[in-house]
Amino acid sequence: MAYLIAANWKMNKTVAETEDYIQRFLPLVEDTKNVEIMIAPPFTSIFVASQKLSNTDIKLGGQNMYYKEKGAFTGEISPLMLTELGVSYVILGHSERRHIFGEKDSLINSKVLSALEHGLRPILCVGETLEEREQGRTLSVVERQIRNGLAGVEAEMSRIDIAYEPVWAIGTGVNATPEQAEEVHSFIRNLINEISKGNDQGTRIMYGGSVNENNAESLIKQPNINGFLVGTASLDPERFSQIIKVSQEV
Ligand code: 13P
């Protein structure tokens, strides 16, 4: 499967800034091969992004969603609202959703189920805090997040991607070393192979956490790193396109 290189803009960029970004980004990536590109703008920018990207292979993602189709859920966005705009991916269980907004594995699992039902491809985010790593609990935390987050959809594994994002590496400028990331990625690969009974060939395990144009190459060279979920460096079209370029050359 092609690597998936995805931009998570988080709470950044107005509509005008989104238009400007895409205009500058498209010429930088027009020759891209063998790599799938996805951008997850804030909800308010999805409509304009969808129009600007309509004649390209670049995919759109939601950064979150609620699992119901509609109703009295103030402030939430439904899977139908995303699919109507041509969105094909949705990031679920991001560490900022877990730690700032208190999302638990059971809610994230409902969202994964709903995304699949509506034909959206979930990117389930997992990762340990610094404290959990220092206590030697990295693999058990990641295992719990994956088993609970994917409960009931193990047979659908090929329709799901996973992002390993150690919390201590997000937005800190301290990325996991390639060896640290590979250790967790190979653990995740074995785990999803087991729970899906070998049906995980279509699943990309992406790394996220201070990915930039300088460290991308050594990370993507690891055998079990199949893409990136990029925050800060994705906000600059030049830097994001560099990460894409490096990844397609490996
Ligand atoms: P940074 O690239 O800013 O560390 O963010 C990573 C991330 O959380 C992507 O989802």
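So, a few notes on the structure that sits alongside this text. (Residues numbered from 1 in each chain as written. Predicted model: local features only at pLDDT ≥ 70, side-chain atom pairs only at ≥ 80, totals over all residues. Heavy atoms only, no water.)

1. Focus on the packing of helix α1 (residues 15-25) against helix α10 (residues 237-248)
- Two numbers describe how α1 lies on α10: the axes approach to 9 Å, and their chain directions differ by 45°. When the axes of α1 and α10 are compared, the pair comes out oblique. In terms of crossing hand, the pair formed by α1 and α10 is right-handed. In this structure, α1 contributes Tyr-21, Arg-24 and Phe-25 to the contact, and α10 contributes Pro-237, Phe-240, Ser-241 and Ile-244. (Axes fitted to C-alpha atoms, helices over the stretch in contact; angles between N-to-C directions. Helix = DSSP H or I, 4+ residues; strand = E, 2+ residues; numbered from the N terminus. Parallel < 35°, antiparallel > 145°, perpendicular 65-115°, else oblique. Left-handed = near helix turned anticlockwise from the far one by under 90°. Contact = heavy atoms within 4.5 Å.)

2. Thoughts on helix α8 (residues 178-195)
- Helix length check: α8, at 18 residues, gives a terminal C-alpha distance of 25 Å against a target of 26 Å (1.5 Å per residue), a fit within 8%.
- Of all the residues in α8, the buried ones are Pro-178, Ala-181, Glu-182, Val-184, His-185, Ile-188, Arg-189, Leu-191, Ile-192 and Ile-195.
- Looking at the buried side of α8, the elements it contacts are β5 (121-126), α6 (130-134), α7 (138-149), β6 (161-164), β7 (205-208) and α9 (216-220).
- Where α8 terminates, the next one or two residues include Lys-197, which has phi positive at roughly 55°. (Expected span 1.5 Å × (residues − 1). Buried < 20%, exposed > 50% of the residue type's maximum accessible area, 1.4 Å probe, protein only.)

3. Considering the nonpolar core
- Formed by 58 residues in total, the largest nonpolar core has its most connected members in Ile-146, Ile-188, Tyr-207, Phe-228 and Phe-240.
- Dropping the residues within four chain positions of it, Ile-146 is found in contact with Leu-124, Val-126, Ile-162, Ile-188, Leu-191, Ile-192 and Ile-195.
- Counting residues in each nonpolar core, the second largest holds 11 residues, with Ala-40, Tyr-89, Ile-91 and Ile-123 among its members. (Core = buried A, V, L, I, M, F, W, Y, C linked by side-chain atoms within 4.5 Å.)

4. A word on the packing of aromatic side chains
- For the structure on display, the rule yields six aromatic pairs.
- Residues Trp-9 and Tyr-21 carry aromatic rings whose centres are separated by 4.6 Å and whose planes lie at 65° to one another, so their mutual orientation is edge-to-face. In this pair, Trp-9 sits in the loop between β1 (3-8) and α1 while Tyr-21 sits in helix α1, placing the two residues 12 residues apart along the sequence. For the pair formed by Trp-9 and Tyr-21, the shared burial category is buried.
- Seen in terms of ring centroids, Tyr-21 and Phe-25 are 5.5 Å apart; in terms of plane orientation they differ by 35°. Their pairing is tilted. Of the two residues, Tyr-21 and Phe-25 both sit in helix α1, four residues apart, roughly one turn of that helix.
- Overall, the relative accessible area of 1% leaves Tyr-21 in the buried class.
- Overall, the relative accessible area of 0% leaves Phe-25 in the buried class.
- Joined through ring pairs, the aromatic side chains of Trp-9, Tyr-21, Phe-25 and Phe-240 make up one cluster. (Phe/Tyr/Trp six-rings, centres within 6.5 Å; stacked < 30°, edge-to-face > 60°.)

5. Some details on the site of the ligand
- Every residue lining the ligand is accounted for by Asn-8, Lys-10, His-94, Glu-165, Ala-169, Ile-170, Gly-171, Gly-209, Ser-210, Leu-229, Gly-231 and Thr-232.
- Take Lys-10: an N or O atom from its side chain is 2.8 Å from an oxygen atom of the ligand.
- Separating an oxygen atom of the ligand from a backbone N or O atom of Ser-210 is a distance of 2.7 Å.
- For the ligand, whose free accessible area comes to 310 Å², the fraction covered by protein is 98%. (Near = heavy atom within 4 Å. Polar contact = N/O pair within 3.5 Å; in protein donor to acceptor, adjacent residues only side chain to side chain. Areas by Shrake-Rupley, 256 points an atom, 1.4 Å probe, with all protein chains shown as cover.)

6. Details of the sheet that holds strand β2 (residues 35-40)
- Pairing is parallel around the closed barrel formed by eight strands, whose spatial order is β1-β2-β3-β4-β5-β6-β7-β8. On average, adjacent strands in this sheet sit at an angle of 25° to one another, irrespective of strand direction.
- Where β5 meets β6, four bridges bridge the pair, whose relative direction is parallel. Across the sheet, Ile-123 pairs through a bridge with Asp-161, a residue of β6. (Pairing = 2+ DSSP bridges.)

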